[in-house]
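# Structural overview for review
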Amino acid sequence: VKRKHRKLLKRFQHSPSRSDFIDRLAKTQEFWYGSSMLKNYIIGKTAVFIDASNIFFSQRILGWRIDFKKLIEYFKENSDLYRITFYGSINPENERERRFHDFLQIIGYTVKHKKIKFIRDRNDEKHGGHHKGNIDVDLTIDAVDGKDEFDSFVLLSGDGDFESLLKYLKAH
């Protein structure tokens, strides 16, 4: 999540309106899961792409948790799910991450990941750098390359860099 998005999410998390938002969200759950608003926006075969990095940091900052089993069930029940793909990075030495990616594959996700890299940064006195696992280009190439295989495209991300991809897919 970009720095400016982190600040907005943190501000939202601690704002008095957060509880109002959660209350409104809870009240709309029946609508979402009852009549499936999703069906109003999709047609035909649906591809769901998940930008794991952005989703992970957003849910961590907000204190939320995604139930990936319920998420895939929701798309299976409310769309003609062509595929649901989880794009993320992985530290191969982290057993917990490997088990999570294996779990996603077992329950029906296509999982695409890259090995995480450590980028040194002399300005980062505390850690000496940061971890990076960019897979945005892979997600974009898969979406453009497969555009003729699905009718609707759902992107779960908070990354504004995907705006061009969405415009392209809408036009084609």
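Residues numbered from 1 in each chain as written. Predicted model: local features only at pLDDT ≥ 70, side-chain atom pairs only at ≥ 80, totals over all residues. Heavy atoms only, no water.

### Points about the packing of aromatic side chains
For any pair of aromatic rings, the description consists of the separation of the ring centres together with the inter-plane angle of the planes. Within the structure shown, the criterion is met by eight aromatic pairs. Where Phe68 meets Phe86, the ring centres are 5.8 Å apart and the plane angle is 85°; that geometry is what we call edge-to-face. One end of the pair, Phe68, is in helix 4 (residues 68-78); the other, Phe86, is in strand 2 (residues 80-90), with 18 residues separating them in the sequence. Like Phe68, the residue Phe86 is buried in the burial classification. Ring plane angle 25° and centroid distance 5.8 Å describe the contact between Phe150 and Phe153, whose orientation is recorded as stacked. Taken together, Phe49, Tyr87, Phe150 and Phe153 form an aromatic cluster joined through their ring pairs. (Phe/Tyr/Trp six-rings, centres within 6.5 Å; stacked < 30°, edge-to-face > 60°. Helix = DSSP H or I, 4+ residues; strand = E, 2+ residues; numbered from the N terminus. Buried < 20%, exposed > 50% of the residue type's maximum accessible area, 1.4 Å probe, protein only.)

### Some details on the sheet that holds strand 2
Read from one edge to the other, the open sheet built from four strands follows the order 3-2-1-6, with strand pairing classed as parallel. Looking along the sheet, the strands with just one partner apiece sit at the ends: strand 3 (110-115) and strand 6 (152-156). Pairwise comparison of adjacent strand axes, ignoring direction, gives a mean angle of 15° for this sheet. In this sheet, strand 3 lies alongside strand 2 in parallel orientation, the contact comprising six bridges. Directly across from Tyr87, in strand 3, lies its bridge partner Lys112. Against the sheet, helix 4 makes contact with strand 1 (45-51), strand 2 and strand 6, and its axis sits at roughly 155° relative to strand 2, the strand it touches most. In this fold helix 5 (residues 95-106) packs onto strand 2 and strand 3, with an angle of close to 170° to the strand it touches most, strand 2. (Pairing = 2+ DSSP bridges. Axes fitted to C-alpha atoms, helices over the stretch in contact; angles between N-to-C directions. Contact = heavy atoms within 4.5 Å.)

### Examining helix 5
Between the first and last C-alpha of helix 5 there are 16 Å, a value that for 12 residues agrees with the 16 Å anticipated at 1.5 Å per step. Here helix 5 starts with a cap whose side-chain oxygen sits 3.0 Å from the backbone nitrogen of Arg96, and that cap is Asn94. Of the residues flanking the end of helix 5, it is Gly108, one or two places downstream, whose phi is positive at about 120°. (Expected span 1.5 Å × (residues − 1). Polar contact = N/O pair within 3.5 Å; in protein donor to acceptor, adjacent residues only side chain to side chain.)

### Examining the confidence of the model for the protein
On average, residues of the protein carry a pLDDT of 79, and 72% of them reach 70 or more. Here helix 2 (residues 17-35) is the element of the protein with the lowest mean pLDDT, 50, and strand 1 is the one with the highest, 95. (pLDDT = per-residue confidence, 0-100.)

### Some thoughts on the pairing of strand 6
In terms of burial, strand 6 is a largely internal element, four of the five residues being buried. One ladder, built from five bridges, connects strand 1 with strand 6; its direction is parallel. Each residue of the ladder has a partner; that of Val48, found in strand 6, is Val154.

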